[in-house]
Amino acid sequence: MSRNMFSRVTVPATKALAGILVAMLVGAPAVAGDKLPEVDSDGLHLAKNSKVRIAYVKPGATFAEYRRVMLLDCYVDFVEDWQRDYNMSQLGLSGRVSDKDAERIKKDLAAEFRKVFTDELTKKGYPVVEEPAPDVLLLRPALLNVDVTAPDILSASRTRTFVESAGAMTLYMELYDATTETLLARVIDPQADDPAWAQRADRVTNKAAADRILRDWAEVLTKRLGEVSEAASK
């Protein structure tokens, strides 16, 4: 299995499914009585008392056999019309987000996801590897509905901007057995930056806010892997 082949086949399905689930979570119009199904179309079962907003897990999957992790490139997509709406709020041309700016933000966020998850997984004893093996858990992540309150654009004016929140984003991630490509679980979890006080918005503070959210997600994953590994060893 190659990383490129795996990603190319599945990314569109991820965005479509995540969009449906996120819409339900944030209160978009829905038919009365709608709720998340107990079993999804892949046969995964809705997990109860999960540390993330939504988790579906394959019956019988324990994750105890996995000692290493293979991490696919993170797909990143902004909340709908984010670039257009942000640019409409700017008085001049200098502070507007260009297509190049938007792509740079997505590229930087994907790279930061890999860095933070690799650091956290490695620190907790789960090396990140490049090839599948029986003890390798494969992660296919996406960051969706990314909403940056005040992006730091290089061409922008020197005006200082203070915000109550740097923004928000939603993690959508699928977990696979790396050798068999069996889907074991999928999770979805929207999070927003929530500092104690308003802060200046710039590239440093935006990165720090993203890192806090990414590290929280990575810690949830490593804690869960550690718990099932400990339980299996008893």
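Model, not experiment: these values are computed from the prediction. (Residues numbered from 1 in each chain as written. Predicted model: local features only at pLDDT ≥ 70, side-chain atom pairs only at ≥ 80, totals over all residues. Heavy atoms only, no water.)

Participant: How should the overall build of the chain be read in this particular structure?
Facilitator: Secondary structure assignment for the chain yields four helices and 10 strands. Listed N to C, the secondary structure of the chain is α-β-β-β-β-α-α-β-β-β-β-β-β-α in terms of helices and strands. Contacts spanning at least 24 positions in sequence make up 75% of the contacts within the chain whose residues lie at least 6 apart. If you sum the accessible surface of the chain, you get close to 13000 Å²; carbon and sulfur atoms cover 54% of it. (Helix = DSSP H or I, 4+ residues; strand = E, 2+ residues; numbered from the N terminus. Contact = heavy atoms within 4.5 Å. Areas by Shrake-Rupley, 256 points an atom, 1.4 Å probe, with all protein chains shown as cover.)

Participant: Can you walk me through the nonpolar core in this structure?
Facilitator: Generally speaking, nonpolar side chains in soluble globular proteins are found buried as a group. Phe 63, Phe 113, Phe 117, Leu 139, Leu 143, Met 169 and Met 173 are the most contacted members of the largest nonpolar core, which totals 41 residues. For this core, the elements supplying multiple residues, two or more each, are β3 (68-71), β4 (75-78), α2 (82-88), α3 (99-123), β6 (136-148), β8 (167-177), β9 (183-192) and α4 (203-233). Listed in part, the 18 residues of the second largest apolar core include Leu 44, Leu 138, Tyr 172 and Ile 188. (Core = buried A, V, L, I, M, F, W, Y, C linked by side-chain atoms within 4.5 Å. Buried < 20%, exposed > 50% of the residue type's maximum accessible area, 1.4 Å probe, protein only.)

Participant: Would you explain the pairing of β9 in this entry?
Facilitator: In summary, the side chains of a regular strand alternate between the two faces of the sheet. Most of β9 is tucked away, with eight of its 10 residues classed as buried. Pairing of strand β2 (residues 54-57) with β9, which is carried by four bridges, proceeds in the antiparallel orientation. Residue Ile 54 lies in a different strand from β9, and its bridge partner there is Ile 188. Taken together, the nine bridges between β8 and β9 define a ladder with antiparallel strand orientation. Paired with Ala 168 across the bridge in β9 is Ala 192. Count of turn residues in the β8/β9 antiparallel hairpin: five residues, of which Glu 181 carries a positive phi of about 60°. (Pairing = 2+ DSSP bridges.)

Participant: I keep staring at α3 and nothing clicks. Help me out?
Facilitator: For an α-helix, 3.6 residues make a turn, and residues three or four places apart therefore share a direction. Under the 1.5 Å per step criterion, the end-to-end length of α3 is 36 Å for 25 residues, consistent within 8% with the ideal 36 Å. Among the residues making up α3, those that are buried are Asp 101, Ala 102, Ile 105, Lys 106, Leu 109, Ala 110, Glu 112, Phe 113, Val 116, Phe 117, Glu 120 and Leu 121. Just downstream of α3 lies Gly 125, where phi reads positive at about 90°. (Expected span 1.5 Å × (residues − 1).)

Participant: How should I be thinking about unusual backbone geometry in this particular structure?
Facilitator: Where the residue is not glycine, phi is negative for most of them; where a peptide bond is considered, it is trans in most cases. Residues other than glycine seldom take positive phi values, yet Asp 81 does so here, at roughly 65°. Phi at Asn 145 is positive, roughly 55°, even though this residue is not glycine.

Participant: What's the story with the confidence of the model for the chain in this structure? I'm lost.
Facilitator: A low pLDDT means the predicted coordinates there should not be read in detail. On average, residues of the chain score 79 in pLDDT, and 71% of them are at 70 or above. Ranking the helices and strands of the chain by mean pLDDT puts strand β5 (residues 128-129) first, with 97, and helix α1 (residues 3-25) last, with 46. Note on residues 1-5: pLDDT under 50 across the span, and 11 contacts to partners over four residues away in sequence or across chains. In this model residues 22-33 is a low-confidence stretch, pLDDT under 50, and it forms 10 contacts with partners more than four residues away in sequence or in other chains. (pLDDT = per-residue confidence, 0-100.)

Participant: Whenever I open this one, the packing of aromatic side chains confuses me. Can you help?
Facilitator: Between two aromatic rings, the relevant description is the distance of the centres plus the angle of the planes. Counted by the stated rule, this structure contains three aromatic pairs. Relative to Tyr 66, the ring of Phe 63 has its centre 6.4 Å away and its plane inclined at 50°; by these criteria the two rings are tilted. Accessibility expressed as a relative area gives 12% for Phe 63, which makes it buried. Both rings, one in Phe 78 and one in Trp 82, keep their centres 4.3 Å apart while their planes meet at 20°; by these two values the pair is stacked. There is no split in this pair, since Phe 78 and Trp 82 are both buried. (Phe/Tyr/Trp six-rings, centres within 6.5 Å; stacked < 30°, edge-to-face > 60°.)

Participant: Help me understand the side chain of Asp 177 in this model?
Facilitator: Along the polypeptide, Asp 177 turns up in strand β8. For the buried Asp 177, which has no salt bridge, the nearest side chain bearing the opposite charge is Lys 58, at an N-O separation of 11 Å. A polar atom in the side chain of Asp 177 sits 2.7 Å from the side chain of Thr 179. Contact partners of Asp 177, with chain neighbours within four places excluded, come to Tyr 66, Pro 134, Val 136, Thr 182 and Leu 184. (Lys, Arg positive; Asp, Glu negative; His and termini not counted. Salt bridge = Lys/Arg side-chain N within 4 Å of Asp/Glu carboxyl O. Polar contact = N/O pair within 3.5 Å; in protein donor to acceptor, adjacent residues only side chain to side chain.)

Participant: So what exactly am I meant to see when it comes to the pairing of β8 here?
Facilitator: In terms of burial, β8 is largely enclosed, as 10 of its 11 residues are buried. Both β6 and β8 contribute to a ladder of 10 bridges, which runs antiparallel. Looking at the pairing, Val 148 lines up with Gly 167 of β8.

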